[in-house]
Amino acid sequence: MAEPGEKLVHVGIDDTDSPLGMCTTYVSSILMLELMKRGCSLADFPYLVRLNPNIPFKTRGNGAVSLHLRCEMGAEEVAGVVERVLEAYSERHAKTDPTAVVVQGDVGELRSVYRRALVELLAPSQVEKALRGARAMVLGGRKGRGVVGAAASIGAYELDVFTYELLLYVPPGSAKPPQAEEGVVELDRLLRPLTFANVDYGASRVLATPRGPDPVLAGIRSANPLVLSSIARRLAESWGASLAVIFKTNQATGAHLSKVKPVGELRPYDSAVVRGLVVAPPAELRGGHVALKVGDSTGTVTCMFYRETGLQRVAKLLREGDRVEVGGGVVPRSRGLTLNAEYVRVLDAPPLSKLENPRCPLCGKRMKSLGKRGGFKCPACGYRDPALGKVEVRVPRFLEPGLYLQRPLAYRHLSPPAEAMGVEPVRAPPLPSLVVWPPPRS
Ligand code: ATP
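Residues numbered from 1 in each chain as written. Predicted model: local features only at pLDDT ≥ 70, side-chain atom pairs only at ≥ 80, totals over all residues. Heavy atoms only, no water.

Engineer: Whenever I open this one, the overall build of the protein confuses me. Can you help?
Structural biologist: Within the protein, the regular secondary structure consists of eight helices and 25 strands. C-alpha extents for the protein along the principal axes are approximately 100 × 50 × 40 Å. A separation threshold of at least 6 residues defines the contact pool for the protein, and within that pool the share at least 24 residues apart is 72%. (Helix = DSSP H or I, 4+ residues; strand = E, 2+ residues; numbered from the N terminus. Contact = heavy atoms within 4.5 Å.)

Engineer: What's the story with the packing of aromatic side chains in this structure? I'm lost.
Structural biologist: The geometry of an aromatic ring pair comes down to the distance between the two centres and the angle between the two planes. Taken as a whole and judged by the stated rule, the model has four aromatic pairs. Note on Y26 and Y169: the rings are 5.1 Å apart at their centroids and 70° apart in plane angle, and the pair reads as edge-to-face. Taken together, the residues span a long stretch of sequence, with Y26 in helix α1 (residues 24–37) and Y169 in strand β7 (residues 163–169) at a distance of 143 residues. You can call Y26 buried: its relative accessible area is 7%. Through a chain of ring-to-ring contacts, the aromatic side chains of F45, F162 and Y164 assemble into a single cluster. Above the plane of the ring of F162 lies K248, whose end atom (NZ or CZ) is 4.3 Å from the centre. (Phe/Tyr/Trp six-rings, centres within 6.5 Å; stacked < 30°, edge-to-face > 60°. Buried < 20%, exposed > 50% of the residue type's maximum accessible area, 1.4 Å probe, protein only. Lys NZ or Arg CZ within 6 Å of the ring centre and 35° of its normal.)

Engineer: What exactly am I supposed to notice about the sheet that holds strand β21 (residues 376–377) here?
Structural biologist: By way of backbone hydrogen bonds, the strands of a sheet pair with one another, either parallel or antiparallel. Strand order across the open sheet formed by three strands is β20-β21-β22, with antiparallel pairing between neighbours. Either end of the sheet is taken by a strand with one partner, and the two such strands are β20 (368–369) and β22 (384–385). Pairing geometry for β20 and β21, over two bridges, is antiparallel. In the sheet register, S369 faces β21, and the bridge partner there is F376. (Pairing = 2+ DSSP bridges.)

Engineer: For this particular structure, what's the right way to read the packing of helix α6 (residues 179–191) against helix α7 (residues 225–239)?
Structural biologist: How two helices sit against one another is set out by the angle between their axes and by the gap between those axes. For the pair α6 and α7, the least separation of the axes is 11 Å and the interaxial angle reads 150°. One way to sum up the angle between α6 and α7 is to call them roughly antiparallel. In this structure, the crossing between α6 and α7 has a hand that is right-handed. Counted together, Q179, A180, G183, V184, L187 and L191 of α6 and V227, I231, L235, S238 and W239 of α7 form the full contact between these two elements. (Axes fitted to C-alpha atoms, helices over the stretch in contact; angles between N-to-C directions. Parallel < 35°, antiparallel > 145°, perpendicular 65-115°, else oblique. Left-handed = near helix turned anticlockwise from the far one by under 90°.)

Engineer: Mind showing me how you'd approach the state of the cysteines here?
Structural biologist: Each disulfide consists of one covalent bond between the sulfur atoms belonging to two cysteines. Evaluated as defined, the whole model comprises one disulfide. Note on cysteine connectivity: C40 is disulfide-linked to C71, with sulfurs 2.3 Å apart. When the S-S torsion is 120°, as for the bridge of C40 with C71, the disulfide is right-handed. Here C71 lies in strand β4 (residues 63–71) and C40 lies in the loop between α1 and β2 (41–42), a separation of 31 residues in the sequence. (Disulfide = S-S within 2.5 Å.)

Engineer: Help me understand the packing of α1 against helix α2 (residues 75–89), please; the structure alone is not making it clear to me.
Structural biologist: Packing of α1 against α2 brings their axes to within 10 Å, and their N-to-C directions diverge by 140°. Here α1 is positioned oblique relative to α2, judged by the angle of their axes. Along this stretch, α1 crosses α2, giving a crossing that reads as right-handed. In this structure, α1 uses Y26, V27, I30, L31, E34 and L35 to contact α2, whose residues at the interface are V78, V81, V82, V85, L86 and Y89.

Engineer: Explain the nonpolar core here, please?
Structural biologist: Across soluble globular proteins, you tend to see nonpolar side chains buried next to one another. Ranked by size, the top nonpolar core spans 94 residues in total, and within it L166, L168 and W239 carry the most contacts. Among the nonpolar cores identified, the runner-up in size contains 24 residues, and V274, V294, L318 and V346 belong to it. (Core = buried A, V, L, I, M, F, W, Y, C linked by side-chain atoms within 4.5 Å.)

Engineer: Any chance you could explain the pattern of salt bridges here in plain terms?
Structural biologist: Proximity of charged atoms lets side chains of opposite charge pair with each other. The tally for this structure, following the rule as stated, stands at 18 salt bridges. K176 is paired through a salt bridge with D214; the nearest N and O atoms lie 3.5 Å apart. With K176 in the loop between β7 and α6 and D214 in the loop between β10 (205–206) and β11 (216–222), this pair connects stretches of sequence that are 38 residues apart. A relative accessible area of 26% places K176 in the partly exposed class. As a salt-bridge pair, E325 and R345 come within 3.5 Å of each other at their nearest N and O atoms. One end of the pair, E325, is in strand β17 (residues 323–333); the other, R345, is in strand β18 (residues 336–348), with 20 residues separating them in the sequence. What makes E325 buried here is its relative accessible area of 5%. The class of R345 is partly exposed, set by a relative accessible area of 31%. Three or more residues joined by partner-sharing salt bridges are found here, namely E34, K37 and R38. (Salt bridge = Lys/Arg side-chain N within 4 Å of Asp/Glu carboxyl O.)

Engineer: Just to check I follow, could you spell out the site of the ligand for this structure?
Structural biologist: Around the ligand there are 23 residues in total, and D17, T59, R60, N62 and E120 lie nearest to it. At 3.4 Å from an oxygen atom of the ligand is found a main-chain nitrogen or oxygen belonging to G146. Bound to the protein, the ligand loses 96% of the 630 Å² it would expose on its own. When grouped by side-chain class, the residues that make up the shell around the ligand number seven nonpolar, eight polar and eight charged. (Near = heavy atom within 4 Å. Polar contact = N/O pair within 3.5 Å; in protein donor to acceptor, adjacent residues only side chain to side chain. Areas by Shrake-Rupley, 256 points an atom, 1.4 Å probe, with all protein chains shown as cover. Nonpolar A, V, L, I, M, F, W, Y, C, P; charged D, E, K, R; others polar.)

Engineer: Looking at this structure, I do not really get the environment of R116. What am I missing?
Structural biologist: Structurally, the position occupied by R116 is in helix α3 (residues 110–119). With relative accessibility at 33%, the residue R116 sits in the partly exposed group. Through-space distance from the C-alpha of R116 to that of L51 is 9.1 Å; in sequence the pair is 65 residues apart. With sequence-adjacent residues up to four places away left out, R116 is seen in contact with L122 and Q126.

Engineer: Help me out: how do you make sense of the domain arrangement of the protein in this one?
Structural biologist: According to the domain assignment, the protein contains domain 1 (7–254 + 421–437), domain 2 (256–351 + 396–415) and domain 3 (352–395). Taking only C-alpha atoms, the centre of domain 1 and the centre of domain 2 are 31 Å apart. Each partner contributes residues to the interface: domain 1 has 23 residues there, and domain 2 has 19 residues. Contact with domain 2 buries area across many residues of domain 1, yet P53, N54 and G254 alone supply 32% of it, more than any other trio. Put simply, domain 1 and domain 2 have zero salt bridges between them. At the boundary of domain 1 and domain 2, one finds 13 residue pairs in polar contact (both at pLDDT 80 or more). Of the residues that constitute the side of domain 1 that touches domain 2, the class distribution is 10 nonpolar, seven polar and six charged. (Domains from an automatic or database assignment. Buried area = accessible area lost by both parts, 1.4 Å probe.)

This is the structure we're talking about:
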């Protein structure tokens, strides 16, 4: 709640970066410092909000940022500061369209914009009504799409399922010091599962140090903001970062794959979960990928298990009649929609059976059929029995029911990593003393 005279102001930001540089989290951190310098305080951590990972026009991880502040100044004055910071820090690139949304008070219908933007493809026109209802100011967004992410990131307030990420930055355009990569491995060994998704040991890759042209030196993910708060300054100093900020985030929560959708209601670019029966044997494709048809009472869809995910090994073992749940992204293809699997849950894999010739009751050898006349003959001892028939034998499955996740290298930001499953995030009111380092100077 805001104190008397203070207003609760939300700012959502998107599309300030391009494939060539910058990062919306960095621009938003600068904005947060500017607003704190002008007397605003944090009503919550800054939010790093990941949206539908399956939309076709994202640059990288479909992330947007929102700030939630208590300010003496009103939304219009805040909007003035936002405009100046966006102008000074955003990338200038044909694909970049810096957009901010400013809302004072309740975020209203923007909540449902967030929920939909997590799982669907939304047109900017589909968020207009909610923006009007929340009396939102929209800044920038001339090409029109950034408004979806900016509006949805505000609607994420207050996140009820979340984790945290400490982002460490170097000044834009400067080289990234090399010590962070080794430091991440050491940190991971010390703190797992308090921090997670830092390293893919199977692929010998550090995941927490992006190599792109953006100013992010490292991102350390955790369920515990107090752990991040206590290591932020030391890491920044020893790894050569100039700025460290702790974000609250929907990353690693699986929020985009939390509802089962009937197959007949799947739409292009949805993130969706389907539950049904395997209706045809798995087809192995060139490149080692596997296609599997799954159906429910409303239709069937081809689920694709790409080799990169590691899930193709599970898909290969599935058989007609098995009951599965598949979560992933819906992609339109010339032959209809496919669901690209991010995880598969084997719900029921009943034992299989096949018919075999019987064994000889005298010597134990496998018998041979006597043909149309019926019955079987033993090729070893010559025993014949015209009344014998084939016998049903059970085929072992080597497939345990349960949840199968993709390899860490294929994770989406929203995917829950195996090592963090069951780790309950710490709810941390009041905010830890260090959310941003160095602290703002007024
Ligand atoms: P980065 O993660 O580096 O910030 P990005 O992957 O987030 O990059 P953007 O450049 O932000 O990519 O592009 C995503 C665009 O799609 C943004 O304009 C965002 O507002 C918009 N968007 C996000 N979610 C949806 C959605 N569900 N439907 C329609 N548009 C969306």
